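Below are the chains, spelled out letter by letter.
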Amino acid sequence: MDFALSEQEKELFKRAKEFTREHITPKAHELEKRNEFPKEVVQKAYEAGLMNLHIPKEAGGPGLSLLAETLVSEATGYGCAGMATSIMCNNLAFAPLVIGATIEQLKEYVEPLITGKDAKFGAFCLTERKAGSDAAAVATRAERDGDEYVINGVKCWITSAPVASLFTVFASTQPELKHKGLSVFMVPKSKAVKIGVIENKVGQLNSIQSEVIFDDVRVPKECLVGKEGEGFKIAMKTLDKTRAGIAAIATGVAQRALDEAGKFANVRHQFGQPIGRFQGIGFKLADMGARTEAARLLTRQAAWLADRDLPNSKVSSFAKFFASDAAMQNAIEAVQIMGGYGYIKEYPAEKLMRDAKLLQIYEGTNEVQRLVAGNAILKESVNLDTGYHVKYDGRDAPII
Ligand code: COS
């Protein structure tokens, strides 16, 4: 396994870091007060070529790797996790289409959104009030009517929905089949697609999430992605890929918390010396640094596997939960190291703590990630020969 970045990836990472220093970090606190989609910054990111990286060349995109996407997410996440979420929202919205749609469908529905002068957005519509971790419980219906499908249902916590032009919608075509009856559709914005409640979050205020109400929305049958019933698998394959992106934002947050805490520990004097000289602080910094490096490596491993079409479900889940837990722990430690300065809004640490919390929740809670990873480990150990042969509980066959 070789995680060395190519020259192109190094250049992209450098460019994304420079963009973050110039356009994100200095403005993130101020823009947060508006609590809305940061359109101007995202437009600049679009013009700088930092969006829609995974769209294939045949459909007008740059056709870059998932690893490339994670580099942009890490760099922008360092400046502001909310802004990074807004910049990467198309990665999640368009990934099911890259996975399941034909090139003709991508050219018709996605290309116009990624090649114009202005940034355009997609929204990934899976979650509902009663279908969160249990994604197969989606109640939104899509019924065939001649050459059209009619979609009805309500989605919630949908990132970038209020600014979206295209909605990637998971709806049941055969509810009695549960997850096997789920299908995925491309739904262009129309009057019948209504934006409901805008979620009032505590963190990541530079991203926006809302309800989306599909009220007798009619789409041509050509808006079906893949075949009827393939929606659940397309959703799972999508999340296997995009969770590396969340891990990358988390790595950026973990690094920022470390850097801010380290900077503070050098200049803040108590008892006649910089507080970093006290072992209690130095040990915290060491743990924060190790967590950050490990998060980065797992993130790149998850992307590296996906880019080679190798199974990455388990490692993607490792990366997502480990990196977002690292971001949260590092942010809490940064607040603690900075004491009173850590807890007031004029300093950077409290925002990191608010922003990091969402990383542990969205795109599959960290409990779901541990479920996926735990199940994968159990499966891998069924026929594992450790070289030590002994019966457990009277059997040598495993329990599953
Ligand atoms: N890739 C391809 N197929 C997959 C898959 C994957 N990573 N994971 C599961 N599947 C398939 C299974 O093979 C199974 O197929 P068959 O019916 O042909 O046997 C099917 O999907 C159902 O799998 P499973 O029984 O494991 O599904 P569960 O309903 O138990 O749910 C979890 C599994 C919990 C992992 C899933 O619902 C999930 O990821 N939930 C979180 C959703 C989420 O992330 N929401 C956030 C939205 S974005 S903000």
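Located above this text is the structure these notes cover.
These lines cover the structure that appears in this document, whether it is placed above or below. (Residues numbered from 1 in each chain as written. Predicted model: local features only at pLDDT ≥ 70, side-chain atom pairs only at ≥ 80, totals over all residues. Heavy atoms only, no water.)

### Observations regarding the overall build of the protein
Applicable threshold: Secondary structure elements follow DSSP: runs of H or I no shorter than four residues count as helices, runs of E no shorter than two count as strands, and numbering proceeds from the N terminus. Here the radius of gyration uses the C-alpha set of atoms, whereas the globule reference equals 2.2 Å times the residue count to the power 0.38. In this scheme, a residue with accessible area under 20% of its type's maximum is buried, one over 50% is exposed, and one in between is partly exposed, where area comes from a 1.4 Å probe on protein chains only. We call two residues contacting when some pair of their heavy atoms lies within 4.5 Å. Methods summary: accessible areas were calculated by the Shrake-Rupley approach with a probe of 1.4 Å, and residue burial reflects only the protein chains presented.
Looking only at helices and strands, the protein features 11 helices and 10 strands. A compact globule built from 400 residues would reach a C-alpha radius of gyration of about 21 Å, and the protein, at 22 Å, matches this within 12%. Reported as C-alpha extents along the three principal axes, the dimensions of the protein are approximately 80 × 65 × 40 Å. Within the protein, the fraction of its 400 residues that count as buried is 52%. Within the protein, counting contacts between residues at least 6 apart in sequence, those at least 24 apart form 75% of the total. Accessible surface computed for the protein: about 18800 Å², of which carbon and sulfur atoms make up 55%.

### Quick word on the side chain of H54
Secondary-structure assignment places H54 in the loop between α3 (39-47) and α4 (66-79). On the accessibility criterion, H54 (15% relative accessible area) is buried. Setting aside anything within four residues of it in sequence, one finds H54 in contact with L64, E69, N90, N91, F94, A95 and V98.

### Comments concerning the pattern of salt bridges
What counts is decided by this rule: Any carboxyl oxygen of Asp or Glu within 4 Å of a side-chain nitrogen of Lys or Arg constitutes a salt bridge here.
Tallied over the full model, the rule gives 26 salt bridges. A salt bridge links E199 to R129, with the nearest nitrogen and oxygen atoms 3.2 Å apart. Taken together, the residues E199 in the loop between β6 (193-198) and β7 (209-220) and R129 in the loop between β1 (121-125) and β2 (141-145) connect sequence positions 70 residues apart. Here R129 falls in the partly exposed class, since its relative accessible area comes to 45%. Three or more residues joined by partner-sharing salt bridges are found here, namely E74, E293, R296 and R300.

### Some words on the site of the ligand
Counted only if it meets this: Residues are labelled near a given molecule or strand when at least one of their non-hydrogen atoms is within 4 Å of it. Pairs of N or O atoms are called polar contacts if they sit within 3.5 Å, as long as, within protein, a hydrogen donor faces a hydrogen acceptor (for residues adjacent in sequence, only side-chain-to-side-chain pairs). The nonpolar class holds Ala, Val, Leu, Ile, Met, Phe, Trp, Tyr, Cys and Pro. Asp, Glu, Lys and Arg form the charged class, and all remaining residues, Gly among them, are polar.
The ligand sits among 21 residues. The nearest are S133, H179, K180, D240 and R243. Measuring from a nitrogen atom of the ligand, one finds a side-chain N or O atom of D240 at 2.8 Å. In isolation the ligand exposes 1000 Å². Once the protein is present, 67% of that is buried. Of all the secondary structure elements, the ones that give two or more residues to the shell around the ligand are α7 (231-267) and α11 (366-381). When residues of the shell around the ligand are assigned to their parent elements, the largest contribution, seven residues, is made by α7. A class-by-class count of the residues in the shell around the ligand yields nine nonpolar, six polar and six charged.

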